Protein chains: 4
Amino acid sequence: MAGLHVFDVELPEEDFPLDPPGVGRAAEGKRYADAAPWRLETPIPDGVADRVVESCTPGVGPRLVFSALDASVAGDLERAFADAGHVVLSNARNHRMDPVVPLLVPEVNAGHLALLKAQARLRGGKGAIVTNPNCSTVVLTIALRALHDVFGLRRGFLVSLQAISGAGYPGVAALDITDNVVPYIGGEEEKVEMEPRKMLGQLDGGAIRLAGFQLSAHTNRVAVTDGHLVCASLEFERAPSPEAAVEVLRGFQPPAGVRGLPSAPDPAILVSSAPDRPQPRRDRDAGRGMATVIGRVRPDPLFHLKFVVLSHNTIRGAAGGALLNAELLCAQGYLAG
Amino acid sequence: MAGLHVFDVELPEEDFPLDPPGVGRAAEGKRYADAAPWRLETPIPDGVADRVVESCTPGVGPRLVFSALDASVAGDLERAFADAGHVVLSNARNHRMDPVVPLLVPEVNAGHLALLKAQARLRGGKGAIVTNPNCSTVVLTIALRALHDVFGLRRGFLVSLQAISGAGYPGVAALDITDNVVPYIGGEEEKVEMEPRKMLGQLDGGAIRLAGFQLSAHTNRVAVTDGHLVCASLEFERAPSPEAAVEVLRGFQPPAGVRGLPSAPDPAILVSSAPDRPQPRRDRDAGRGMATVIGRVRPDPLFHLKFVVLSHNTIRGAAGGALLNAELLCAQGYLAG
Amino acid sequence: MAGLHVFDVELPEEDFPLDPPGVGRAAEGKRYADAAPWRLETPIPDGVADRVVESCTPGVGPRLVFSALDASVAGDLERAFADAGHVVLSNARNHRMDPVVPLLVPEVNAGHLALLKAQARLRGGKGAIVTNPNCSTVVLTIALRALHDVFGLRRGFLVSLQAISGAGYPGVAALDITDNVVPYIGGEEEKVEMEPRKMLGQLDGGAIRLAGFQLSAHTNRVAVTDGHLVCASLEFERAPSPEAAVEVLRGFQPPAGVRGLPSAPDPAILVSSAPDRPQPRRDRDAGRGMATVIGRVRPDPLFHLKFVVLSHNTIRGAAGGALLNAELLCAQGYLAG
Amino acid sequence: MAGLHVFDVELPEEDFPLDPPGVGRAAEGKRYADAAPWRLETPIPDGVADRVVESCTPGVGPRLVFSALDASVAGDLERAFADAGHVVLSNARNHRMDPVVPLLVPEVNAGHLALLKAQARLRGGKGAIVTNPNCSTVVLTIALRALHDVFGLRRGFLVSLQAISGAGYPGVAALDITDNVVPYIGGEEEKVEMEPRKMLGQLDGGAIRLAGFQLSAHTNRVAVTDGHLVCASLEFERAPSPEAAVEVLRGFQPPAGVRGLPSAPDPAILVSSAPDRPQPRRDRDAGRGMATVIGRVRPDPLFHLKFVVLSHNTIRGAAGGALLNAELLCAQGYLAG
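Treat the numbers as computed from the prediction; the structure is a model and nothing was measured.

### Some thoughts on the packing of aromatic side chains
Taken as a whole and assessed by the stated rule, the structure comprises 16 aromatic pairs over all chains. Between F157 of chain B and F303 of chain B, the ring centres sit 5.8 Å apart and the planes meet at 25 degrees, which makes this aromatic pair stacked. Taken together, the residues span a long stretch of sequence, with F157 of chain B in strand β4 (residues 153–162) and F303 of chain B in the loop between β10 (292–299) and β11 (305–311) at a distance of 146 residues. Among the residues examined, F303 of chain B registers a relative accessible area of 4% and is labelled buried. Ring centres of F151 of chain C and F236 of chain C lie 6.0 Å apart, and the angle between their planes is 70 degrees; on these two criteria the pair is classed as edge-to-face. Of this pair, F151 of chain C sits in helix α5 (residues 135–151) while F236 of chain C sits in strand β8 (residues 228–236); the two residues are 85 residues apart in sequence, bridging distant segments of the chain. Of the two residues, F151 of chain C and F236 of chain C, neither departs from the other in class, the shared state being buried.

### Examining the interface of chain B and chain A
Contacts between the two partners involve 50 residues from chain B, matched on the other side by 50 residues from chain A. Put simply, chain B and chain A have ten salt bridges between them. Of the charged contacts, one joins E189 of chain A and R296 of chain B as a salt bridge, the two residues approaching to 2.9 Å between their closest N and O atoms. Here chain B and chain A share 30 residue pairs in polar contact (both at pLDDT 80 or more) between them. Of the residues belonging to the side of chain B that touches chain A, the class tally is 24 nonpolar, eleven polar and 15 charged.

### So, the interface of chain D and chain C
Interface size is commonly expressed as the accessible area that is lost once the parts come together. Opposite the 50 residues of chain D that make contact, chain C presents 50 residues. Of the roughly 3,900 Å² buried between chain D and chain C, counting both surfaces, carbon and sulfur atoms make up 56%. For the pair chain D and chain C, the number of links is ten salt bridges. In this structure, the salt-bridge partner of R282 of chain C is D176 of chain D, at a minimum N-O distance of 2.8 Å. Among the secondary structure elements, those contributing two or more residues to the side of chain D that touches chain C are β5 (153–162), α6 (174–177), α7 (188–199), β8 (214–221), β9 (228–236), α9 (280–283), β11 (292–299) and β12 (305–311) of chain D.

### Details of the relation of the copies chain D and chain C
Of the transformation superimposing chain D on chain C, the axial component is 0.0 Å and the angular component is 180 degrees, with the fit at an RMSD of 0.0 Å. The superposition of one copy onto the other is thereby described by a two-fold rotation axis. The fraction of interface residues of chain D whose copies in chain C are also interface residues reaches 100%, indicating that both copies meet through the same surface.

### Observations regarding the pairing of strand β2 (residues 87–90) of chain C
Residue and element names in this part refer to chain C. Burial of β2 is two-sided: the residues V87 and L89 facing one way and the residues V88 and S90 facing the other way are all buried. In this sheet, β2 lies alongside strand β1 (residues 64–67) in parallel orientation, the contact comprising four bridges. What sits directly across from V65, in β2, is V88. Note: β2 against strand β3 (residues 128–131), four bridges, orientation parallel. Across the sheet, V88 pairs through a bridge with I129, a residue of β3.

### With respect to the sheet that holds β3 of chain C
In a beta sheet, neighbouring strands pair by backbone hydrogen bonds and run either parallel or antiparallel. Residue and element names in this part refer to chain C. Pairing within the open sheet is parallel, and its three strands lie in the order β1-β2-β3. Of all the strands in the sheet, just β1 and β3 have a single pairing partner and so form its edges. Ignoring strand direction, the axes of neighbouring strands in this sheet form an average angle of 20 degrees. Of the strands in this sheet, β1, β2 and β3 touch helix α10 (residues 315–331), which is tilted by about 155 degrees from β2.

### A look at the side chain of S263 of chain A
Residues and elements named next belong to chain A. With respect to the helices and strands, S263 occurs in the loop between α8 (242–250) and β10 (269–271). The exposure class of S263 is buried, given its relative accessible area of 12%. With residues up to four places along the chain from it excluded, the contact list for S263 reads R288, M290, L323, L324 and E327.

### Details of the confidence of the model for chain A
Residue and element names in this part refer to chain A. The predicted model of chain A averages 89 in pLDDT, with 92% of residues at 70 or higher. Low pLDDT, under 50, characterises residues 1–23; the predicted model gives this stretch 81 contacts beyond four residues in sequence or across chains. Scored as a whole, the predicted complex attains pTM 0.93, and scored at its interfaces, ipTM 0.91.

### As for the packing of helix α5 (residues 135–151) of chain B against helix α8 (residues 242–250) of chain B
Residue and element names in this part refer to chain B. It is the contact of α5 with α8, at a shortest axis distance of 9 Å, that shows an interaxial angle of 120 degrees. As summarised for this structure, α5 and α8 are arranged oblique, according to the angle between their axes. Pair α5 / α8 crosses with right-handed handedness. Along the contact surface, α5 presents A143, A146, L147, V150 and F151, while α8 presents A244, A245, V248 and L249. A class-by-class count of the residues in the contact of α5 with α8 yields nine nonpolar, no polar and no charged.

### Here we look at helix α8 (residues 242–250) of chain D
Residue and element names in this part refer to chain D. Regarding α8, the residues found buried are P242, A245, V246, V248 and L249. For α8, the angular spread of the buried residues around the axis is 160 degrees, confining them to a single face. α8 presents E243 and E247 as exposed residues on the side facing more than 90 degrees away from its buried surface. Packing partners of the buried residues in α8 comprise α5 (135–151), β10 (269–271), β11 and β12.

### Examining a nonpolar patch on the surface
Residues and elements named next belong to chain A. On the surface, a cluster of nonpolar side chains totalling about 220 Å² of accessible area is made up of M97, M194 and L210. With respect to the helices and strands, L210 occurs in the loop between β7 (208–209) and β8 (214–221). For L210, a relative accessible area of 35% corresponds to the partly exposed category.

### Here we look at helix α7 (residues 188–199) of chain C
Helix length check: α7 of chain C, at twelve residues, gives a terminal C-alpha distance of 16 Å against a target of 16 Å (1.5 Å per residue), a fit within 8%. Those residues of α7 of chain C not exposed but buried are E188, E189, K191, V192, E193, E195, P196, R197, K198 and M199 of chain C.

### Points about the side chain of H312 of chain B
All names here are of chain B. The residue H312 is located in the loop between β11 and α10 (315–331) in this model. Residue classification places H312 among the buried residues on the basis of a relative accessible area of 4%. For H312, the side chain forms a polar contact with the main-chain nitrogen of I315, separated by 3.2 Å. Excluding its chain neighbours within four sequence positions, the residues that come into contact with H312 are D226, G227, R284, D285, G289 and G317.

### Quick notes on the pattern of salt bridges
The tally for this structure, following the rule as stated, stands at 67 salt bridges over all chains. For D34 of chain C, the salt bridge goes to R31 of chain C, with nearest N and O atoms at 3.1 Å. Judged by relative accessible area, which is 32%, R31 of chain C ranks as partly exposed. Linked by salt bridges that have partners in common, R154, R155, E235 and E237 of chain B make up one network.

What counts as what
Residues numbered from 1 in each chain as written. Chains lettered and ligands numbered in written order. Predicted model: local features only at pLDDT ≥ 70, side-chain atom pairs only at ≥ 80, totals over all residues. Heavy atoms only, no water. Phe/Tyr/Trp six-rings, centres within 6.5 Å; stacked < 30°, edge-to-face > 60°. Helix = DSSP H or I, 4+ residues; strand = E, 2+ residues; numbered from the N terminus. Buried < 20%, exposed > 50% of the residue type's maximum accessible area, 1.4 Å probe, protein only. Contact = heavy atoms within 4.5 Å. Salt bridge = Lys/Arg side-chain N within 4 Å of Asp/Glu carboxyl O. Polar contact = N/O pair within 3.5 Å; in protein donor to acceptor, adjacent residues only side chain to side chain. Nonpolar A, V, L, I, M, F, W, Y, C, P; charged D, E, K, R; others polar. Buried area = accessible area lost by both parts, 1.4 Å probe. Least-squares fit on C-alpha atoms with pLDDT ≥ 70 in both. Pairing = 2+ DSSP bridges. Axes fitted to C-alpha atoms, helices over the stretch in contact; angles between N-to-C directions. pLDDT = per-residue confidence, 0-100. Parallel < 35°, antiparallel > 145°, perpendicular 65-115°, else oblique. Left-handed = near helix turned anticlockwise from the far one by under 90°. Arc of directions from axis to C-beta. Patch = residues over 30% accessible without salt bridge, like charges linked within 9 Å, V, L, I, M, F, W, Y side chains within 5 Å. Areas by Shrake-Rupley, 256 points an atom, 1.4 Å probe, with all protein chains shown as cover. Expected span 1.5 Å × (residues − 1).

This is the structure we're talking about:
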């Protein structure tokens, strides 16, 4: 991936503020390792620690730009980069619901990249903004894609049990989560209720028309390092049996051109037949952290289906997802200009 | 509470098997402390450690009997004690759904004790069986009582995040729950969907007619020592605003004769206005572990109300609940005979 | 305890910086509950939430002052209060090793209060400074007091496993401690090696002469909410058997005048004979969080004794310890002036 | 590794009893996946689930045998296999301290394999027994090897913080370790004090003479899934500075023939210069779980050096260590017969 311009690898996918030393002008000219302390279990890749942080100047540097900026500054700065000709892959929430900005998950809506032409028309530029969804909505939406296409989703209840890494670093205080659950994540329920409707929406005259289903979400923080789990109860236009749903999920194929991408998991969806899976610690690394794992598919007494779905929030839901998006953009020629 | 006959204080309220040394004939004649190792944070009360475990013989001992027997043996043995004239307060699941057996939570259905006359008629005896509900249904049902009476519950989605102590000791293996969630508890979802319908049911000709609402449950185990938390989305006959619901919950009064009982919490329901409460570690001890704590009462996009409810599963949901039930039986004269 | 002037109840006993909203001029004039968010499991006491935070002005307010100031400002401010006639009970590290300032644990060195006369002579004032030791040294020093008096401590190895609450709030990031140990606490090992020597030192001509034993410490942070545990291996002048050590520990009597104080635990030291105690969650609340719990007293292959000692770091090691110190000052007439 | 005969992959390296369904005649004839439920995060390797468990019959099957038998049966059964010509690689404690049985860690004492000739002489057979050390002693002994050779170890204090996986499955109850530390592991301190003396002992007339240094150990269980951490304070014949010790540790070379083995980590020892490392979650996977990670090398006030050492207890300390031992045996021709 030559040509990546990295602002910051700490991706606070729930839009929590970054800790100040990691961003802004204070980092310019520093060694990367000094500007952004490395906090992952895997060691920092060779050559990265010593790279020097450049100033954040639109028009300078490679065409593809990854943005992990805080929402407080991402709006204007990402726009400025796009206007200067960059293709900006953003992890911030600012532009996610803009009807001409793709909220991109390749397995779900690779076709939404057609919006980049609408962006060019509207803004007269060569650049564009593409956004990653919130880490907890990715988990769910790949599963919804498969089921919605066949059975027509009408309504759904979603209750998440989210990992602490979703709040960035330092993020959640140990005193708040040890021997505890926090049944609240600021702004999260609104995203879970809305973002899937955009991701599964239809292209319509150069913009996205939201899908018509309705969702209700409860979001909880639990004492898990990585892996967001969602309990889902869904109602459809055409009621599926659990067996039919499992068959559809197991047979799910991403759009052409997605499956062979370097970071694309294969299969995209794993369905467990164990009675007590998926579990965050045991399943989050499936497909190198990029797969969606589903289990406990069973009838729901009120709606049609109940199940549990899991994915890795800092890989699939953040950095890995951004990388897959970049691979799709590259493969489809959007980075050639 | 003179006259208690204690089989075992380890109450595995989710019907997990007890560890073998704690039960059965092997314990007879032993010191209590040797037969049932004490595992609570509070020290063993004076005089209890040295009491000698007696044989489990119907007809011998006090009229009131607490049963924490494993479900594999509770059915017949509790019946035998009742037939021999004892009033059996059971924590096992065996008789919970019997239409003439009260599934007793004093704040919810003290009036169901009228079934004891029906039991006497049916079995011709002086004894009776009264059951404690499952620890995760108690949490919810006190809240439902308040709301159902005023707004008429129609349907509800319930997702629990349950503490490890709910599985008894040794119960959950640390390797299964550390940095993890287990989205499955055997037999639990069925109880959560059914027991509230009995607890809120109507007395009808000497039996309980189940309440007509429908529930759908997902149950999860999380890394919390004590305190079961439930995320609820509810639909009613008469749609309440969140404010109206809070007012009803805050104003809830248990039936006459319950409020002054020694173990009865006052108030029975606490409503938090904090955005992120209740939380297990911070709220489970409210009302000495006997209160129900509710928070985040807000509109639901699909049904009418969303909220979070919590109580202490080994106090309110097990031993403390059994004690309160005994106090009610005593106050109402059922132990006099 | 009328007359208390409370700066801040969050006691960061390891000298971590306080979060800014809780301190300084920004808090003046605010309701207490707004200036210092309440984070304990027990509810805020009646009447405290609505009290108004006053300015931090030496000479104003009651004679007794509790200081939980951050070390960055405690040095000068506490001195100014003492010079203005207040008796300052400090939890900060700044004055702890001053030879005329008592490092007070009533059970250990109530007699060190005689230093207050030396302070008065030296500074010409009516006020004085008295300090609380670091939370992890309190744990150990009460045990050392008992043993040192009888057997003469010569050398000791001490390895602590410390709770997250020791770092204040927000303190330790959940991502740093979940499924993890951090074998480092800044500045802590130096305090554990030095403070007990002052606490067990001799009054000598108006100052404390450090005790002559030598200590070596390793300090670790573990995923425990409250309760600091220390593994100790000790060498003495007169080698005790484990049985003799246990007898001395069990027979330990605090100095006259300490035992009856309202917050003084009785007994001060509990010795467990269980093979696997003390444990933080199960033993930290002994003596309402004020007792020292010791177990596993056994021979050491290199020195003489090995044992494990535990106490509650935010009660005994911070606020509760400060309160007991105040009670001693009051009982001995130091607050009368 | 064709020709492996696997009794059971659950290696309870602290000699805790295996759960009954996993061992013994009850497993014969079953599919492997049914006889021994798979509990690792990585999926069961292709072809393993369907293999059929054979009877445990000495003389049948491959020459090399891995034994993860429980100590209650390992003594006789492993002896019977050795007498029948097998080379038995045992993880049980039974034969570890036998003076003619190598307690093998290739980096530490590959030369101890010369004992296999002594075994052959003594027992007249072609087979032999080779043992893995206890998981917590491996951690330490590789570090000791490097330092002892240069500086001459005299005495050491060792305090372990051990992971729950060390107790096998189900092993530690979640209720015992959540928000807690258990300062006791049955039989463990004795092993930590003794096994390194054998591993670092000298071959002397066909047996091992224990090394002359003395150790004192405290062992603790903490809420960590994998990774045993040890705080060490060491005294030497020739006092090293921390810098000299780090140089020796960084320059450590395993015996000839070990470095190139497939499972041998390279380097064998990693020394961190971070102030707060090693940490279990962040460092246990170093060298694919086979490396020893050391940090905080600093002067000790009583002895000469303090440091912290970590390794992965179920990889380096159990199955991975056994595999490396097998690779060494194979490379040195001991499996040829």
